[in-house]
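Geometric and topological summary
So you can see what is in the structure, the chains are spelled out below.
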Amino acid sequence: MIKVINVVGARPNFMKVAPIVEAMKRREREFTPLVVHTGQHYDAAMSDTFFSDLDLPQPDVYLGVGSASHAAQTAAVMERFEPVLIGEKPDWVLVVGDVNSTLACALVCVKLGVKVAHVEAGLRSRDRTMPEEINRLLTDQIADLLFTPSADANENLLAEGIPVERIRLVGNVMIDSLYKHLERSRQSRIKDALDLNDKRYAVLTLHRPSNVDNPLTFGRILDALKKISELRPIVFPVHPRTRKTITQHGFDERVAQIEGLRLIDPLGYLDFLSLYSGASLVLTDSGGIQEETSVLGIPCLTLRENTERPITVTMGTNMIVGTDTEKIVNAAVAALAETAKPAIDIPLWDGKTADRILDALEHNDEAGASPPS
Ligand code: UD1
């Protein structure tokens, strides 16, 4: 029996951990899963909704760290996670993604000699001003097993000198959640509530500090949105960080004046899936949404200068457009003129990644990793 602590902290973690915990519960003779929620995200709309939408069991332990500076938040997770680890004595700890909770818990594990596996390892934007890039680099250096979503991630890890024995190419576990819930998301009434017709609207998400904390960059993006919204209404579920910065920058009126831009509260997993799967265009600075839109064949414009998920550009529907007003508008006009793209098959993004992760945990003493392509 393998006892595993599965760590969740922030919104993008829940859809990665849910299929893993579900598979562990299904394989109850082999696995005993526990869920530890650090509380990095705590609002109902950023956390609770995802537990019910994704059938994720309530956390066994809630650390309640909340928001703070990076140092304070990371330190609080470490201090509160350590006694849990000492008390529970798991065989493995599983951390996912690239948020502060991911690095904090991985660090506690290695200091106590508890084995830790990183799901979504090896992604690199090569932009060290991104807090997530630092979290990825450091977590991958210290984790015992690295589960990668795509061959480019294997190559990144090998180039950083990580031994091949620690790497397993398993695919994208977030896509397990996408496939599982796509059908159910069609019952969502969000599009009716917003009076939207399929393929006649765009969806926007924006929360990266580099975009929303900087008024000049945010202003350039708003100028682009004004023009695009004349072609298609844009629905914008607003992240709490962004809600605050709009007011801090004095942008409330400027945003309100963009007639076709509709600000709404953050959505749960099923409502958001229903919303973006019906859109003709998605504009985002999120990482996960680049992957989800690629799988569904929905054009995605990434409002960043780089991506840690290049396969969504080479094989998917993603375009890296940056934050220049004209470039964003031109790319949106071109994307809206294109005919619909078919859903895309990326190798191992097949809804079966969670089971491959469990198989690897069971057989981790067997030598060999997936060779980079
Ligand atoms: C975090 C992750 C980021 C991820 C994002 C998804 C890090 C470094 N960043 O960024 O990788 O893409 O989550 O959402 O871990 N807030 C609330 N309610 C909440 C959570 C946050 O109001 O439930 C507000 C607080 O004012 C907080 C701010 O949002 O200060 C930022 O939250 P934080 O967890 O620090 O970072 P995110 O921007 O959410």
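This report concerns the structure included in the present document. (Residues numbered from 1 in each chain as written. Predicted model: local features only at pLDDT ≥ 70, side-chain atom pairs only at ≥ 80, totals over all residues. Heavy atoms only, no water.)

1. Looking at the environment of Leu-336
Note that Leu-336 resides in helix 16 (residues 325–337). Between the alpha carbons of Leu-336 and Pro-299 there is a distance of 8.3 Å; along the sequence they are 37 residues apart. Once you skip the residues sitting within four places of it in the chain, Leu-336 turns out to touch Leu-231, Arg-232, Ser-280 and Leu-281. (Helix = DSSP H or I, 4+ residues; strand = E, 2+ residues; numbered from the N terminus. Contact = heavy atoms within 4.5 Å.)

2. A look at the side chain of Ser-177
Mapped onto the fold, Ser-177 is located in helix 7 (residues 173–185). The exposure class of Ser-177 is buried, given its relative accessible area of 3%. Setting aside anything within four residues of it in sequence, one finds Ser-177 in contact with Met-15, Ala-18, Pro-19, Leu-54 and Tyr-269. (Buried < 20%, exposed > 50% of the residue type's maximum accessible area, 1.4 Å probe, protein only.)

3. Observations regarding the site of the ligand
Inspection of the region around the ligand gives 20 residues, with Gln-40, His-41, Glu-132, Arg-241 and Lys-244 positioned closest. Between Asn-100 and the ligand, the recorded distance is 2.8 Å, taken from a backbone N or O atom to an oxygen atom. At a separation of 2.7 Å, an oxygen atom of the ligand approaches a polar side-chain atom of Arg-241. Going through the elements one at a time, helix 3 (70–88), helix 5 (131–142) and helix 11 (240–248) are the ones with two or more residues in the shell around the ligand. Here the element with the most residues in the shell around the ligand is helix 11; it accounts for 3 residues. (Near = heavy atom within 4 Å. Polar contact = N/O pair within 3.5 Å; in protein donor to acceptor, adjacent residues only side chain to side chain.)

4. A closer look at the side chain of Arg-124
Within the element layout of this structure, Arg-124 appears in the loop between strand 5 (115–119) and helix 5. At a separation of 2.9 Å, a polar atom in the side chain of Arg-124 contacts the side chain of Asp-140. There is a polar contact of 2.7 Å between the side chain of Arg-124 and the side chain of Glu-160. Among residues more than four places away in sequence, those in contact with Arg-124 are Glu-133, Arg-136, Leu-137, Asp-140, Asn-156, Leu-157, Glu-160, Thr-307 and Glu-308.

5. What about helix 4 (residues 100–112)?
Compared with an ideal rise of 1.5 Å per residue, which puts 13 residues at 18 Å, helix 4 spans 19 Å between its outermost C-alpha atoms and is within 8% of the ideal. Contacts from the buried residues of helix 4 go to strand 1 (2–8), helix 3, strand 4 (92–96), strand 5 and helix 5. Two residues or fewer after helix 4 comes Gly-113, characterised by a positive phi angle close to 75°. (Expected span 1.5 Å × (residues − 1).)

6. Focus: the sheet that holds strand 8 (residues 202–205)
With parallel pairing, the 6 strands of this open sheet are ordered in space as 10-9-8-11-12-13. With partners counted over all chains shown, the strands left at the sheet margins are strand 10 (261–264) and strand 13 (318–320), one partner each. When the angles between neighbouring strand axes are averaged without regard to direction, this sheet yields 20°. With 2 bridges connecting them, strand 8 and strand 9 (residues 234–237) associate as parallel partners. Directly across from Ala-202, in strand 9, lies its bridge partner Ile-234. Contacts between helix 13 (residues 269–277) and the sheet are confined to strand 8, strand 9 and strand 11 (281–284), with strand 8 contributing the most and set at about 130° to the helix. Contacting strand 11, strand 12 (300–302) and strand 13, helix 16 runs over the sheet at an angle of about 155° to strand 11. (Pairing = 2+ DSSP bridges. Axes fitted to C-alpha atoms, helices over the stretch in contact; angles between N-to-C directions.)

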